[in-house]
Amino acid sequence: MDGNEALEGQVGLGVDIVEIARMRRILERTPRFRERVFSEDERAYCDATANPETHYATRFAAKEAVVKALGTGFSRGIGVRDVEVRRNAKGRPVVALHGRAKEVAREQGVRELPLSLSYTHTEAVACAMAITEGSVRAAEKRVDPMEELAKQFKEARALLDEMDAPAPGDAPA
C-alpha cells in the first residue's frame, strides 16, 4: 500500500501544543535555534512582535501539527524547515511546504492544509488538516442525511396522495 491508498478518502488531522516559557528558555540558551528551525520570513515576523517567544512557540506547534496531519512526523526525510508558516493578504496563517514535505504531500494527494493557531499566556497551540483529493471526492459522494430524509418524506407523501386519490371512473362519495 502506498501513501495514496493509505489516505484515500481520509483527512489527516494534527494538533500540537508548546509551552511558551519553554520556547523562551530555548531561544535564550540556543540563539542558533531560530536559524536552524525557522525561515527568514518566520523569524522576521516573530522578532517584530512584542512577544517573539509566543509567536515562535505557535509556529513550532504549527510545524509539528502539519507533519502529524501528514501522518509522518519529522521522518521520511522531512525537516523542520520543510514546513513554513506564512500569512496571507488578510493575515491568516497558511502553510508553505518545501523539500521532502512538499513531495510527501503530493504523493498523498494533499490538496489543502488549513491551519489554525492560538495561544494563551502560557501555551501555544496549532491544528492542521491534510485534506486529500480522495477525501474531497468522498465528501462529494456523501449524502446529506437531512436532504435524504426530506426526499424520502416527499416520496412517501406522494405515494399516500396517490393512494388517497379517487380511481378513474369512481363516483365522488
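Residues numbered from 1 in each chain as written. Predicted model: local features only at pLDDT ≥ 70, side-chain atom pairs only at ≥ 80, totals over all residues. Heavy atoms only, no water.

Colleague: Please explain the nonpolar core as it appears in this structure.
Modeller: In summary, soluble globular proteins display a tendency toward joint burial of nonpolar side chains. M23, V66 and L97 are the most contacted members of the largest nonpolar core, which has 33 residues in total. Within the residue set of this core, elements represented by two or more residues are α2 (20–29), α3 (33–37), α5 (52–70), β2 (83–87), β3 (93–97), α6 (99–107) and β6 (123–132). Ignoring any residue separated from it by four or fewer positions in sequence, one finds M23 in contact with V18, F33, E53, Y56, A57 and F60. (Core = buried A, V, L, I, M, F, W, Y, C linked by side-chain atoms within 4.5 Å. Buried < 20%, exposed > 50% of the residue type's maximum accessible area, 1.4 Å probe, protein only. Helix = DSSP H or I, 4+ residues; strand = E, 2+ residues; numbered from the N terminus. Contact = heavy atoms within 4.5 Å.)

Colleague: Looking at this structure, I do not really get α5. What am I missing?
Modeller: One turn of the α-helix equals 3.6 residues, which is why residues spaced by three or four share an orientation. Between its first and last C-alpha atoms α5 spans 27 Å; for 19 residues at 1.5 Å apiece the expected length is 27 Å, and the two agree. The buried fraction of α5 is high, at 18 of 19 residues. (Expected span 1.5 Å × (residues − 1).)

Colleague: Looking at this structure, I do not really get the pairing of β2. What am I missing?
Modeller: Side-chain direction in a regular strand flips from residue to residue, so the side chains alternate between the two faces of the sheet. Relative to β3, β2 is paired through five bridges, and the arrangement is antiparallel. Within the sheet, the bridge partner assigned to R86 lies in β3 and is V94. Here β2 folds back onto β3 in antiparallel fashion, the turn holding five residues, of which G91 has a positive phi close to 90°. (Pairing = 2+ DSSP bridges.)

Colleague: Got a minute to help me understand the side chain of D16 in this structure?
Modeller: Turning to its location among the elements, D16 is positioned in strand β1 (residues 11–19). Engagement of the side chain of D16 in a polar contact is seen with the side chain of K68, the distance being 2.9 Å. Beyond its immediate chain neighbours, meaning those up to four positions away, D16 contacts A61, E64, A65, K68, A124, V125 and A126. (Polar contact = N/O pair within 3.5 Å; in protein donor to acceptor, adjacent residues only side chain to side chain.)

Distances and angles like these do not, on their own, reveal function.
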